[in-house]
Amino acid sequence: MLGPILETLIGGLLTGVLYALVALGFVLIFKASGVFNFAQGAMVLFAALSVARLSEKFPLPIAIVLAIGVMIVLAYAIEFLVLRRLVNQEGIVLFMSTLGVAYFLEGFGQTLWGSDIYKIDLGISKNPIFLFESVFPGGILIDPEEVAAAVICAILVTVLAVFFQVTRVGRALRAVADDHQAAQSVGIPLNYIWLVVWATSGIVAIAAGMIWGSKLGVQFSISLVALKALPVLILGGLTSIPGAIVGGLIIGAGEKLAEILLGPLLIRWFDLAGGGIENWFAYVLALLFLLVRPQGLFGERIIERI
Amino acid sequence: MSNPANTDGKAKEAAATPPPSDISAADGGVRASHSLDAANILSVNNIEVVYNHVILVLKGVSLDVPRGRIVALLGANGAGKTTTLKAISNLLQSERGEVTKGAIMFDGAEVHSLSPNELVRRGCIQVMEGRRCFAHLTIEENLLTGAFTRRDGAAAIRRDLDLVYGYFPRLKERRSATAGYTSGGEQQMCAVGRALMSRPKMILLDEPSMGLAPQIVEEIFDIVKNLNEKEGVSFLLAEQNTHMALKYAGYGYILENGRVVMDGKASALAENEDVKEFYLGIAEGKRKSFRNVKHYKRRKRWLA
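Presented here is a report on the structure given in the accompanying data block. Because the structure is a prediction, the values reported are computed rather than measured.

Focus on the overall build of chain A
The secondary structure content of chain A amounts to 11 helices and 2 strands. Put simply, chain A runs from its N terminus to its C terminus through helices and strands in the order α-α-α-α-β-β-α-α-α-α-α-α-α. A globule of 306 residues ought to have a C-alpha radius of gyration of about 19 Å, and chain A, at 20 Å, matches this closely. Counting only C-alpha atoms, chain A reaches 65 × 60 × 35 Å along its principal axes. Per-residue burial for chain A yields a buried fraction of 46% across its 306 residues. Within chain A, contacts between residues at least 6 apart in sequence are counted, and of these 75% link residues at least 24 apart.

Focus: unusual backbone geometry
All names here are of chain B. Positive phi outside glycine occurs at Asn-46, with the angle close to 55°. In this fold, Asn-46 is placed in strand β2 (residues 40-51). Classification of Asn-46 as partly exposed rests on a count of 16 C-beta atoms within 10 Å. At Asp-107, a position not held by glycine, the phi torsion is positive, near 50°.

Things to note about the sheet that holds strand β6 (residues 109-110) of chain B
All names here are of chain B. Pairing is antiparallel across the open sheet formed by 4 strands, whose spatial order is β3-β2-β5-β6. Strands with a single pairing partner mark the edges of an open sheet, and in this sheet they are β3 (55-66) and β6. For β2 and strand β5 (residues 97-106), the ladder comprises 8 bridges, and the chain directions are antiparallel. What sits directly across from Val-44, in β5, is Ile-104.

Considerations on the interface of chain A and chain B
Listed per partner, the contact involves 19 residues of chain A and 28 residues of chain B. Counting residues per element, the ones that place at least two in the side of chain A that touches chain B are α6 (168-178) and α7 (180-185) of chain A. By residue number, the principal contributor to the side of chain A that touches chain B is α6(A), which donates 6 residues. Each residue belonging to the side of chain A that touches chain B can be placed in one class, and the counts come to 8 nonpolar, 5 polar and 6 charged.

Observations regarding the packing of helix α1 (residues 2-33) of chain A against helix α8 (residues 190-216) of chain A
All names here are of chain A. One way to put it is that α1 packs onto α8 with a least axis distance of 9 Å and a crossing angle of 175°. Comparing their axes, α8 and α1 come out roughly antiparallel. Contacts between α1 and α8 involve Leu-18, Leu-21, Val-22, Leu-24, Gly-25, Leu-28, Ile-29, Ala-32 and Ser-33 from the first element and Ile-193, Trp-194, Val-197, Trp-198, Thr-200, Ser-201, Val-204, Ala-205, Ala-207, Ala-208, Ile-211 and Trp-212 from the second. When its residues are assigned to classes, the contact of α1 with α8 shows 17 nonpolar, 4 polar and no charged.

Some details on the pairing of strand β8 (residues 202-206) of chain B
Residues and elements named next belong to chain B. Among the 5 residues that make up β8, 5 are buried, leaving the element largely enclosed by the rest of the structure. Direction of pairing for β8 relative to strand β9 (residues 234-239): parallel, over a ladder of 5 bridges. Looking at β9, one finds that Ile-203 is bridged to Phe-235. Once the chain exits β8 it traverses helix α9 (residues 214-230) before rejoining the sheet at β9, and the crossover so formed is right-handed.

Some thoughts on the nonpolar core
Counting 177 residues, the largest nonpolar core has Ala20(A), Ala23(A), Val44(A), Ala48(A), Val51(A) and Leu237(B) as its most contacted members. When neighbours within four sequence positions are excluded, Ala20(A) is seen to be in contact with Cys153(A), Val232(A), Ala244(A), Ile245(A), Gly248(A) and Leu249(A).

So, α9(B)
The α-helix advances 3.6 residues per turn, and as a result positions three or four apart in sequence lie on the same side. Residue and element names in this part refer to chain B. The terminal C-alpha atoms of α9 lie 24 Å apart, and with 17 residues this matches the ideal 24 Å at 1.5 Å per residue to within 8%. Turning to α9, its buried residues number three or more, namely Ile-220, Phe-221, Val-224, Leu-227 and Asn-228. Angularly, the buried residues of α9 cover 115° about the axis, an arc narrow enough to put them on a single face. Residues of α9 that are exposed and point more than 90 degrees away from the buried face comprise Gln-215, Asp-222, Asn-226, Glu-229 and Lys-230. The positive-phi residue at the C-terminal boundary of α9 is Gly-232, with phi of around 70°.

Section: the pairing of β2(B)
Residues and elements named next belong to chain B. Relative to β3, β2 runs antiparallel, the two being bridged by 9 bridges. Bridge pairing in β3 links Ile-47 to Val-61. The antiparallel hairpin formed by β2 and β3 contains 3 residues in its connecting segment, where Asn-52 sits at a positive phi of about 50°.

The rules behind each value
Residues numbered from 1 in each chain as written. Chains lettered and ligands numbered in written order. Predicted model: local features only at pLDDT ≥ 70, side-chain atom pairs only at ≥ 80, totals over all residues. Helix = DSSP H or I, 4+ residues; strand = E, 2+ residues; numbered from the N terminus. Rg over C-alpha atoms; globule rule 2.2 N^0.38 Å. Buried ≥ 20, exposed ≤ 12 C-beta atoms within 10 Å, placed from the backbone. Contact = placed C-beta atoms within 7 Å. Pairing = 2+ DSSP bridges. Nonpolar A, V, L, I, M, F, W, Y, C, P; charged D, E, K, R; others polar. Axes fitted to C-alpha atoms, helices over the stretch in contact; angles between N-to-C directions. Parallel < 35°, antiparallel > 145°, perpendicular 65-115°, else oblique. Right-handed = clockwise from strand over helix to strand, strands pointing away. Core = buried A, V, L, I, M, F, W, Y, C linked by C-beta atoms within 7 Å. Expected span 1.5 Å × (residues − 1). Arc of directions from axis to C-beta.

And the structure:
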């Protein structure tokens, strides 16, 4: 029994890394501008489409660099055409505007790049690796693509953490996240900061989109992955990068384990069909969290002096 | 602490002849004649500010800040002090406020349409009311954000950081403390130090005394005075603490309901009967009855 559980756990954690990547994009934008960017999923799709179509004409590394360019242009367009016009509007107005951006991007991505299913070949073997064959019968099966995803995610998070902690722009980003008007008063231009965060979350979207794309094929359903990022955000806290990672891991592992552990119990005790737990488990977990700890596991600590 | 030369000679003279000669009416010819003066680092000329396209908050405010001086902007809650400062620093735009009339000249150029960061780059920075330190950043990181607009390299910024620590030794002790957990006085020092990191020619200082113990207020005002004398930074100081502000400033303007109702040398204002009664809480002889408030209303010269 331990072997399959361990295998599910590892598989779940690796899937969780992908959720975390999408959630990371949300966190970056929310932290710096207080905008809940509903378009993050659409950005992942758009990024995946860009990489897929560009990699048909160029080698993959060049395609990625070009796709980064595309996402920066996109970030600039969103900043210039939408955010800048809506400065100081209510949060709900900004949220609605990102809804608009989301649907525009989903459609426009297909207009620009086509609406077939495309593939991204990361050059990673699709053959599963078996580990610990001597310990467990049959060993533990691991998808090398998911391992690659975890490595990419780790690198990305490290780079982001360094960027936030030590660079001048990173410091300014954190300042804006704390108090955007005070940041403006010391000469930090908000437009520029927004451009930087949208571009950064665009680049994170490329990473997420490439990995999802290579697993599932680049298609419309990728944008729905963003919905899985929502419980991750609630769990980890909307403003916390470590929260996005840990939340992603918990949700990823939790839903897979629930499927194999909770499923059989439901069948045995209540004579239910017992399937599909993976589909709702994350949301129930998130709801419970909302009741107990609404700011999430790692939500910004509210500093109060007494 | 304040300027001894002023408090004695001129003040007596001012008190002797009401209305004193160096207090002028807010509008009128006097202002027009010196608003173009190059000796002024800042001159605000008859500005009107409207919030949300309908609410008229400033109804024609004019003031000048001579280069290298401290000028106080006084008035009660809601008089328009903060709005005036934000109009100058262009932070109004982010509050749906708008300067609809008048002109603001900083360092010889019209700055009305500039962004706040361009203005900081030109040397005019605001220290906002209530400190507004970045709570999750350390004190040192807070100070460094003030240098965001600078392009003169890490070494120069490092030097200025030491300079700021020289003026605020407390900040040096607490450099790695999270700003949100430091005391109110330390946060105010941090906010002023942060502004200083942009190498400003002028600081718009909004209510530095708010919520601080009198001793700390004194300490901060002393540092302001020090910065003014040693670094040549000009200050426009919005304060409710009239007593403190007039002690450290050279000149003062009094705002009421979005208009300048009185201005003059700080020493003269401090001796003015109306200012004494309404802003400093010192009444001559017995308490005045509310009927006599009429006498004060009559003195609002802009009504004439």
